[in-house]
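Residue strings, one per chain:
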Amino acid sequence: MNDVLTLLRNHRSFRKYKQGIEIPEEKLDAIIRAAQAAPSWINGQHYSIIAIKDQDRKNKMAELCGNQPYIAECSVFLCFVADFHRVKVASELHGKSFQIASEEDLLMVAATDIGLCMQNALTAAESLDYGTICIGGLRRNITATSEFLALPKYVMPVVGLCIGVPDVEAPVKPRLPKEAVYFEETYQTDVMPLLEAYDQEIIPFSEREGFVSYTERLAKFYDKPYYPNLTEQIKERGFLGGK
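Residues numbered from 1 in each chain as written. Predicted model: local features only at pLDDT ≥ 70, side-chain atom pairs only at ≥ 80, totals over all residues. Heavy atoms only, no water.

A. How the structure looks around the overall build of the chain. Secondary structure assignment for the chain yields 11 helices and four strands. In terms of overall dimensions, the chain is globule-like: its C-alpha atoms have a radius of gyration of 19 Å, near the 18 Å expected for 243 residues. Each of the three principal axes of the chain carries a C-alpha extent, and together these read 60 × 50 × 40 Å. Across the 243 residues in the chain, those meeting the buried criterion constitute 39%. Here the chain holds 27 positive side-chain charges and 33 negative ones, and the gap between their average locations is 5 Å. (Helix = DSSP H or I, 4+ residues; strand = E, 2+ residues; numbered from the N terminus. Rg over C-alpha atoms; globule rule 2.2 N^0.38 Å. Buried < 20%, exposed > 50% of the residue type's maximum accessible area, 1.4 Å probe, protein only. Lys, Arg positive; Asp, Glu negative; His and termini not counted. Charge placed at Lys NZ, Arg CZ, Asp CG, Glu CD.)

Written out as structure tokens, the structure is:
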């Protein structure tokens, strides 16, 4: 083990922050530059990061993301957006037609780039003793959130990151057994015994969800669309064949 491995394995999600504390600009700059250092497909860096610091705007963002109070409480809320506006600009610069051969692949490219970028930002923030939590609710209302952030066509909100000084302690939740997610040479489908064992291990850590098991929680989440009308809103942004 070294300091980096210890930091990574000690990750926790914090849902309550000390309010009125600003992150010094040099530390926020370090976090953003660490995020930018992440790898990306063809070095395209298919993302942009929008920081929300103003309290009124954080309050509104909390509302747009499903009334999640920690967005309003944190010091800064980073919005990670899929960004193909720069591709459009580059295409026009070199007289190329901005042809989207596979709109579905755009989402995979952007999601991968954003995931790597945000993980760097999260790790950098935690190395500076800040708490974090990722917010998928940024996709709850893509149209309204895009308007709020003044996003142009071919740019779409994907995920957010709260950063601040934790006001409560949080436990490190146990993860799935390594054998359930790590295979050698070929995929292994016989994971039921491992899931059943994990169900019992995770229940004491799931108070916020009502002390439900891992498999029950997954089943409930995927029983029906979590964000209604998501496909239509994505198309409005120019993805998935949208015009």
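B. Main features of helix α3 (residues 55–64). Inspection of α3 places Lys 58, Met 61, Ala 62 and Leu 64 among the buried residues, and these make up the whole buried set. All buried residues of α3 fall inside an arc of 160° around its axis, so they share one side. Its side-chain oxygen placed 3.1 Å from the backbone nitrogen of Asp 56, Asp 54 serves as the N-cap of α3. Immediately downstream of α3, the backbone of Gly 66 shows phi near 100°, a positive value. (Arc of directions from axis to C-beta. Polar contact = N/O pair within 3.5 Å; in protein donor to acceptor, adjacent residues only side chain to side chain.)

C. Representation of the sheet that holds strand β2 (residues 76–83). What the four strands build is an open sheet, ordered β1-β2-β4-β3; its pairing is antiparallel. If you trace the sheet from one side to the other, it starts and ends with β1 (47–52) and β3 (131–135), each paired once. For this sheet, the mean angle separating the axes of adjacent strands, direction not counted, is 25°. (Pairing = 2+ DSSP bridges. Axes fitted to C-alpha atoms, helices over the stretch in contact; angles between N-to-C directions.)

D. View of the domain arrangement of the chain. Domain parsing of the chain yields domain 1 (1–171) and domain 2 (173–242). Here the C-alpha centroids of domain 1 and domain 2 sit 21 Å apart. Taken residue by residue, the interface counts 25 residues in domain 1 and 15 residues in domain 2. Both sides of the domain 1 and domain 2 interface together cover about 1,700 Å² of buried area, and 59% of this is carbon and sulfur. Between domain 1 and domain 2 we count zero salt bridges in total. Contributing elements (two or more residues each) for the side of domain 1 that touches domain 2: α6 (103–127), α7 (142–148) and β4 (155–164). (Domains from an automatic or database assignment. Contact = heavy atoms within 4.5 Å. Buried area = accessible area lost by both parts, 1.4 Å probe. Salt bridge = Lys/Arg side-chain N within 4 Å of Asp/Glu carboxyl O.)

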